[in-house]
Amino acid sequence: MRKIPNKLREIIAEDPYYITCARKGIDCGGRITIEHAVTYAGKQVNELWALIPLCYYHHLGIGLNKKINRKIALSRATKEDLLKYPKNSWK
């Protein structure tokens with residue numbers, strides 16, 4: 001697990017998006033945690049778009065689905081964000 005830098009932690013703490021689970025399902029349960037949903041070159045991407053809020057069930061419980069979580073994160077990225085990581089087609 002890669003540490004989230006303090007500057008990003010401050011932004012996350014003030015952003016209302018990070019209050020509820022990004023999966024917003026009826027199965028949601030437990031405290032909100034932050035997942036590094038995208039990896040690049042074997043490392044977790046430490047950018048705001050790649051960090052998504054998930055309840056315990058969807059992040060650490062049996063509801064975990066990395067493909068869905070990654071899709072949510074990629075939907076938040078701009079083309080410019082993805083250009084920083086040229087060796088991936090992001091499909």
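Up top you'll find the structure we're talking about.
Conventions adopted
- Residues numbered from 1 in each chain as written.
- Predicted model: local features only at pLDDT ≥ 70, side-chain atom pairs only at ≥ 80, totals over all residues.
- Heavy atoms only, no water.
- Helix = DSSP H or I, 4+ residues; strand = E, 2+ residues; numbered from the N terminus.
- Buried < 20%, exposed > 50% of the residue type's maximum accessible area, 1.4 Å probe, protein only.
- Lys, Arg positive; Asp, Glu negative; His and termini not counted.
- Salt bridge = Lys/Arg side-chain N within 4 Å of Asp/Glu carboxyl O.
- Polar contact = N/O pair within 3.5 Å; in protein donor to acceptor, adjacent residues only side chain to side chain.
- Contact = heavy atoms within 4.5 Å.
- Core = buried A, V, L, I, M, F, W, Y, C linked by side-chain atoms within 4.5 Å.

*Asks:* Which parts of the structure should I look at to understand the side chain of R23?
*Replies:* Position of R23 among the secondary structure elements: in the loop between α1 (6–14) and β1 (32–36). It is E35 that comes nearest to the buried, bridge-free R23 among opposite-charge side chains, at 6.8 Å. Of the polar contacts made by the side chain of R23, one reaches the backbone oxygen of G63; its length is 3.3 Å. In this view, R23 contacts L54, H58, G63, N65, I68, N69 and I72; residues no more than four positions away in its chain are not counted.

*Asks:* Whenever I open this one, the nonpolar core confuses me. Can you help?
*Replies:* Of all hydrophobic cores here, the largest spans 16 residues; its most connected members are V38, V45, W49 and I52. Taken together, the elements giving at least two residues each to this core come down to β4 (51–55) and α3 (66–76). Look past the residues within four positions of V45 in its chain and what remains in contact with it is H36, V38, T39, Y40, A50, L51 and Y85. Counting five residues, the second-largest nonpolar core is a separate cluster that includes I4, I12, Y18 and L51.

*Asks:* Which parts of the structure should I look at to understand the pattern of salt bridges?
*Replies:* Once the charged atoms of two side chains with opposite charge are near each other, the side chains can pair. Throughout the structure, instances matching the rule amount to two salt bridges. Residues K66 and E35 are paired through a salt bridge, measuring 2.5 Å at the closest nitrogen-oxygen approach. Within this pair, whereas K66 is found in helix α3, its partner E35 is found in strand β1, the two being separated by 31 residues in sequence. Ionic pairing is found between K84 and E47, a salt bridge with its closest N-O pair at 3.4 Å. Highlighted residues: K84 in the segment after α4 (79–83) and E47 in the loop between β3 (43–44) and β4, separated in sequence by 37 residues. Residue classification places K84 among the exposed positions, given a relative accessible area of 51%. Among the residues examined, E47 registers a relative accessible area of 17% and is labelled buried.

*Asks:* Would you take a moment to explain unusual backbone geometry for this structure?
*Replies:* Most peptide bonds take the trans configuration, and most residues that are not glycine carry a negative phi. The phi angle at A41 is positive, at roughly 55°, despite the residue not being glycine. Its place among the elements puts A41 in the loop between β2 (39–40) and β3. The exposure class assigned to A41 is exposed, which follows from its relative accessible area of 71%.

That's the geometry; what it means functionally is another story.
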